Structure formats: C-alpha cells, structure tokens
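Structural features, examined
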Amino acid sequence: EEIHERLCSNPVLCIYGMGGIGKSELAKQYAMKYKQVYGSIIYAPYINHIESVFSDDELFPIYHFSRQENEDFPAYYKRKMRKFKALIDAGDKDILIIIDNLTDFEDEGLVELLACICFAKSSTASVCLSTSSMIASIAFPISPLTGLP
C-alpha cells in the first residue's frame, strides 16, 4: 500500500537496504498486486548501464520497435529513448518500470530516464529502483521524492 501511495504522489521511488532483505521481491509483489493499474510493467535487472538495459528488447520492449540492421547500440539507444519519451508524453497508458539492483547512481542513462519520467507532459509513468547502495539513502530520502536526485 505504501509503495502505491508514494508512486501516486511522485513518479520515482527507491527501495534500498542491505542485500538479501527482500527489496526485489517487494518490487515484484507490488507489480503483481497492482498490475491492473498499469497498462505495461517492465521489470529489468540493472546491467552495467541503463543504456544496456534500455537497448535490450527482451528486457525493455517497445511494441513494434526494434533495432535496425547495422544500427549500433548507442544509436539504437538514442532512437529508442526518443520513442519512449514520445510514448510517455502521449500518456496513452500508465507504465511501471522496475530497475532491480541498481549499482551506479551516476549513470547518465539513469538521469535521462528519470528526467523523461519526471518532466513528462503527462504523468503516466513511474519508476521503482531497488538497490543496496548506501548512496540511495542520500539521493533518495525515505520521504516521497520531489524531483531528480
């Protein structure tokens, strides 16, 4: 209930604590309980960079959108991010994105993703991050977020 209330009042939430206490499971259980609220739910483990996660069509699918032949990953990431921003701004359906086991809070792709969500023309997307990083307690205070970290 608390996760849902926080995501309703702010589009970004970070679940943090030491490893093995159930952060990932909590995020998954939230997604299952509230799946009727969201048109799409994307659950993706953090792999080195948000760009890696976002460019992987199995981890982060966008319907009828894929990497073109001979397109390199940085170019695909930029094109896919533009498409994602357009979908968010259109506000057709609510989207929940769960990034699990985030390790790098200085990841430029993370900043871009959060900016896309926080400054969207419509508030149809939410991001839930899980991490064991202590920096999250500074970057993402326990009280609801008011903007970017």
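Structure: above.
Counting from 1, residues in each chain are numbered in the order their sequence is written. With the structure being a predicted model, the display of local features is reserved for residues of pLDDT at least 70 and the display and counting of side-chain atom pairs for 80 or more, all residues being used for whole-chain, interface and lining totals. Only hydrogens and water are set aside when side-chain values are computed; all heavy atoms of the structure are taken into account.

Focus: the sheet that holds strand β4 (residues 125–131)
Put simply, the test is: Each pair of strands is called paired provided DSSP finds at least two bridges between the two strands. Here a strand is any run of E in DSSP of at least two residues, a helix any run of H or I of at least four, and the numbering for each starts at the N terminus. To get an axis, a line is fitted to the C-alpha atoms, and for a helix only the part in contact is used. The angle between two axes follows their N-to-C directions and goes from 0 to 180 degrees. The contact rule is simple, with two residues in contact once any of their heavy atoms fall within 4.5 Å.
Strand order in the open sheet formed by four strands is β1-β4-β3-β2, and the pairing between neighbours is parallel. Among the strands making up the open sheet, the edge pair consists of β1 (12–16) and β2 (40–45). Sheet twist, expressed as the average angle between the axes of neighbouring strands with direction ignored, equals 15 degrees. Two elements, β2 and strand β3 (residues 95–100), share six bridges in a ladder whose sense is parallel. Its bridge partner lying in β3, S40 is registered against I95. Each of β1, β3 and β4 touches helix α1 (residues 2–9); the most contacted strand, β1, lies at about 145 degrees to it. Helix α2 (residues 23–33) rests against β1, β2, β3 and β4 of the sheet, and its axis sits at about 165 degrees to β3.

Just distances and angles here, no functional claims.
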